[in-house]
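Chain and residue survey
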Amino acid sequence: MSVLDEGAPRPGERPTFGARLGAAMDSHGPLCVGIDPHPGLLAAWGLGDDVDGLRRFALTVLDAVGGRVAAVKPQSALFERHGSAGVAVLEEVVAAGRDLGTLVVVDAKRGDIGSTMAAYADAYLRDGSPLAGDALTVSPFLGFGSLAPAVEAAAATGRGLFVLALTSNPEGAAVQHARDSAGVAVATRIAAEAGTLNRAEIDRSGASLGSVGLVVGATIGDAARRLDLDLEAVHGPLLAPGVGAQGAGPAELAAVFGTARQAVLASSSRGVLAAGPDPQRLREAARRGADEAAAALR
Ligand SMILES: O=C(O)c1cc(=O)[nH]c(=O)n1[C@@H]1O[C@H](COP(=O)(O)O)[C@@H](O)[C@H]1O
């Protein structure tokens, strides 16, 4: 698949995020490397738990894997904990990803009432904003409709969203598996909303993936099946955290995603980052992760 034949843009129009991600996964394999500068990892790398350590950590990861993996996913919280100077480092990561041609998913899990969501959309999805990567993780738990400003901004700028649906943490099930009066689970409703948006986009773009992805943890076992959530009908990318440090591996990826496996972008942070700070070892860990994910999802 190539951006030229998948979702070919009109002259002057940026290809959709779904088309760009599909092309990146074809080139580099279905792995997203999470950039999660935990205090323990900074220490293990011989770096201080300060802005200088944060910057060296994040840029070392990007230098090592940039241009070699489908995407990177900086975890905003671990930059925010260093204050405004930490946020400036996140902005540097976004800019460096753009320069390297590596897709950047900003993991900030934003969600609020629509009027405030519009401001988040400005911050994370508007051309020219220093925090705008290629996609943003968002929380639909104020109602899927509250995400409309983000959906519109992403569509207008060729960016994407990853909407939390079945998260990798065990506590998520209490909310996400809950069923409404019609017996439909919360996660299943979220998936259906994303599917509607993606089908409309695909009709326009011709790409095989839409730009409204879901977050579906690789740790969820058979939850999708039990909740009648048809992952294939999402027609969008499925970001699968939980690989590596949270215990999921190739077997779980294959079992959880079944026939939707073509759309999966496996995500691993600590599982790759533990190989640092040596760039070559980081690169090898990412390559191994991508090869394992590709084999499991074939
Ligand atoms: O949106 C996410 O990326 C996410 C969703 C989810 O359900 N579970 C989850 O672990 N994540 C994020 O993925 C990363 C997982 O890190 P590792 O467990 O070190 O691979 C963290 O940054 C989490 O915040």
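Each chain carries its own residue numbering, running from 1 in the direction its sequence is written. The predicted origin of the model limits local features to residues at a pLDDT of at least 70 and limits the giving and counting of side-chain atom pairs to 80 or more, whereas totals for whole chains, interfaces and linings rest on all residues. Heavy atoms throughout the structure, all of them, feed into the side-chain values; hydrogens and water do not.

As annotated in an unreviewed UniProt entry, the protein carries the name Orotidine 5'-phosphate decarboxylase and is attributed to Cellulomonas soli. UniProt positions are given in the numbering used here, feature names are shortened, and annotations may be inferred rather than shown by experiment. Taken from UniProt, the Catalytic activity (unreviewed entry) comment for the protein reads in full: "orotidine 5'-phosphate + H(+) = UMP + CO2". Taken directly from UniProt, the Pathway (unreviewed entry) text for the protein runs: "Pyrimidine metabolism; UMP biosynthesis via de novo pathway; UMP from orotate: step 2/2."

On to the UniProt feature "active site" (unreviewed entry) in the protein. UniProt marks Lys109 with the feature "active site" (unreviewed entry), using the numbering shown here. Think of it in three bands: with a 1.4 Å probe and only protein chains considered, a residue is buried below 20% of the maximum accessible area for its type, exposed above 50%, and partly exposed in between. A relative accessible area of 42% means that Lys109 is categorised as partly exposed. Contacts are assigned to residue pairs that have any heavy atoms within 4.5 Å of one another. Setting aside residues no more than four positions away along its own chain, Lys109 makes contact with Gln75, Thr137, Val138, Ser139 and Leu164. Pairs of N or O atoms are called polar contacts if they sit within 3.5 Å, as long as, within protein, a hydrogen donor faces a hydrogen acceptor (for residues adjacent in sequence, only side-chain-to-side-chain pairs). Polar side-chain contacts of Lys109 include one of 2.8 Å to the side chain of Asp107.

The UniProt entry lists residues 30-285 under the feature "domain: Orotidine 5'-phosphate decarboxylase" (unreviewed entry), expressed in the numbering used here. Numbering of helices and strands runs from the N terminus; a helix is a DSSP stretch of H or I covering at least four residues, while a strand is a stretch of E covering at least two. Structurally, residues 30-285 is divided into 44% helix and 16% strand, and its ends, taken at the C-alpha atoms, are 14 Å apart.

A few words now on the nonpolar core. Ranked by size, the top nonpolar core spans 94 residues in total, and within it Leu214, Leu238 and Leu253 carry the most contacts. Non-local contacts of Leu253, meaning those with residues more than four positions away in its chain, are made with Ala218, Ala240, Val243, Val264, Ala266, Ala293, Ala296 and Leu297. As used in this record, nonpolar core signifies buried Ala, Val, Leu, Ile, Met, Phe, Trp, Tyr and Cys residues forming a set joined through side-chain atoms within 4.5 Å.

This part is about the sheet that holds strand E1 (residues 31-35). Two strands qualify as a pair provided DSSP detects at least 2 bridges between them. Strand order in this closed barrel of eight strands is E1-E2-E3-E4-E5-E6-E7-E8, and the pairing throughout is parallel. Put simply, the sheet's adjacent strands are angled 30° from each other on average, direction ignored. Relative to strand E3 (residues 103-110), strand E2 (residues 71-74) runs parallel, the two sharing two bridges. Across the sheet, the residue bridging to Ala71 is Leu103, located in E3. The strands touched by helix H6 (residues 114-125) are E3, strand E4 (135-138) and strand E5 (160-166); relative to E3, the strand with the most contacts, the crossing angle is about 155°. Simply put, an axis is a line fit to the C-alpha atoms, just over the touching stretch for a helix, and the angle between two N-to-C directions goes from 0 to 180 degrees. Together, E1 and strand E8 (264-268) form the strand contacts of helix H13 (residues 279-297), whose direction differs from that of E1 by roughly 140°.

All right, on to the pattern of salt bridges then. One speaks of a salt bridge when a side-chain nitrogen belonging to Lys or Arg is within 4 Å of a carboxyl oxygen belonging to Asp or Glu. Applying the stated criterion to the full structure yields 13 salt bridges. With a shortest N-O distance of 2.8 Å, Asp134 and Arg20 are connected by a salt bridge. Here Asp134 is found in the loop between H6 and E4, whereas its partner Arg20 is found in helix H1 (residues 17-28), with 114 residues between them in sequence. Accessibility assignment for this pair places Asp134 and Arg20 in one class, buried. In this structure, the salt-bridge partner of Asp222 is Arg226, at a minimum N-O distance of 2.8 Å. Overlapping salt bridges bring together Arg14, Asp127 and Arg159 as one network.

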